[in-house]
Amino acid sequence: MKVIIATKNEGKAKEFRQLLAPFGYEPVSLTEAGINAEIVEDGETFEENAHIKAKAVHNLTGLPVIADDSGLEVEFLGGAPGIYSARYAGENATDEQRNQKLLEEMQGADTPLRGARFVCAIYFIGAAGKEYCVTGTLEGFIGFEPMGEGGFGYDPIFMMDEDTSLAMMESEEKNRISHRARAMQKLAEELQKNEKESI
């Protein structure tokens, strides 16, 4: 059974493929499914945006869909960039530009003020039309400069400890602890608890 991954972000799609592998579905990205529809994510929370994406793609395809909205919340910035994480430095900004903007806004903030967390809300619509929404988080802090070559997005400045950013971790290790992995684990538990359908 195919499941549409409702994202055009190849880094995110790759993570979802790895996370979905044990569940027996065939993950297909929007690009692979030939879906070019522009979906306006105008929700006010991660959960609302994930729901908007999942419903739109499910209505187009009739297939099971998994959609997420995820982002970075920084304590010093009052929870920003939050749902605007991908557009934080402008619509067409690169990961490097987003990281640079965030680091500039954090200037003068000492380590105790640099607490941050990644948030991932996943909305899943299964083959039987059942719908689930779960959220996972990963706590850390914002570093003082980018570190590491792996990952994507804010990974190079999101620190797990003083010496290790998410971008320095092997993908398998990151996928065990990430906000997305934690949300996926919650989704698997919900499906196993509520019905025999598995993802």
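Asks: So what exactly am I meant to see when it comes to the pairing of strand β4 (residues 115-125) here?
Replies: Working note: regular strand, side chains alternate between the two faces of the sheet. With ten of eleven residues buried, β4 is to be regarded as a mostly interior element. Sheet topology note: the strand β3 (residues 65-74)/β4 ladder contains ten bridges and is antiparallel. Bridged to Val74 within β4 is Ala116. Summarising the sheet, β4 and strand β5 (residues 131-142) pair through eleven bridges and their orientation is antiparallel. Paired with Ala116 across the two strands is Gly140, which belongs to β5. Here β4 hands over to β5 after five residues, with Gly129 in that stretch at a positive phi of 85°.

Asks: When you look at the pattern of salt bridges in this model, what are you seeing that I'm missing?
Replies: Opposite charge on two side chains lets them pair, provided their charged atoms get close. Inspection of the entire model under this criterion finds eleven salt bridges. In this structure, Asp95 and Arg98 form a salt bridge, with 2.6 Å as the shortest nitrogen-oxygen distance. Taken as a pair, Asp95 and Arg98 lie in helix α3 (residues 95-105) at a separation of three residues, close to a single helical turn. Look at Arg98 and you get buried, because its relative accessible area is 12%. Look at the salt bridges and you will find they share partners, linking Glu41, Lys53 and Asp69 into a network.

Asks: Would you explain the packing of aromatic side chains in this entry?
Replies: Describing an aromatic ring pair means giving the distance of the ring centres and the angle of the ring planes. Per the stated rule, a full pass over the model turns up one aromatic pair. With centroids separated by 4.4 Å and ring planes inclined at 40°, the aromatic side chains of Phe118 and Phe158 adopt a geometry described as tilted. Of this pair, Phe118 sits in strand β4 while Phe158 sits in strand β6 (residues 158-161); the two residues are 40 residues apart in sequence, bridging distant segments of the chain. You can call Phe118 buried: its relative accessible area is 5%. Here the guanidinium or amino end of Lys101 rests over the ring plane of Tyr88, the centre of that ring lying 5.2 Å away. One cation-aromatic arrangement involves Arg180 over Phe16; the distance from NZ or CZ to the ring centre is 5.9 Å.

Asks: Which parts of the structure should I look at to understand unusual backbone geometry?
Replies: Glycine aside, residues mostly have negative phi, and peptide bonds are mostly found in the trans state. The peptide bond linking Ala80 to Pro81 adopts the cis configuration, its omega dihedral lying at 0°. With respect to the helices and strands, Pro81 occurs in the loop between β3 and α3.

Asks: Would you take a moment to explain helix α1 (residues 10-20) for this structure?
Replies: Note that an α-helix has 3.6 residues per turn; residues three or four places apart therefore point the same way. For α1, the full list of buried residues reads Lys12, Ala13, Glu15, Phe16, Leu19 and Leu20. An end-on view of α1 places all buried positions within 160° of arc, on one side of the element.

Asks: Before we go on, may I ask you to explain the sheet that holds β5 in this structure?
Replies: In sheet architecture, strand pairing relies on hydrogen bonds along the backbone and comes in two forms, parallel and antiparallel. Pairing is mixed across the open sheet formed by seven strands, whose spatial order is β2-β1-β3-β4-β5-β6-β7. Of all the strands in the sheet, the pair left with one neighbour each is β2 (26-29) and β7 (164-165). On top of the sheet, helix α2 (residues 46-61) reaches β1 (2-5), β3, β4 and β5; it is set at about 160° to β3, its chief contact.

Definitions and limits used
- Residues numbered from 1 in each chain as written.
- Predicted model: local features only at pLDDT ≥ 70, side-chain atom pairs only at ≥ 80, totals over all residues.
- Heavy atoms only, no water.
- Buried < 20%, exposed > 50% of the residue type's maximum accessible area, 1.4 Å probe, protein only.
- Helix = DSSP H or I, 4+ residues; strand = E, 2+ residues; numbered from the N terminus.
- Pairing = 2+ DSSP bridges.
- Salt bridge = Lys/Arg side-chain N within 4 Å of Asp/Glu carboxyl O.
- Phe/Tyr/Trp six-rings, centres within 6.5 Å; stacked < 30°, edge-to-face > 60°.
- Lys NZ or Arg CZ within 6 Å of the ring centre and 35° of its normal.
- Arc of directions from axis to C-beta.
- Contact = heavy atoms within 4.5 Å.
- Axes fitted to C-alpha atoms, helices over the stretch in contact; angles between N-to-C directions.

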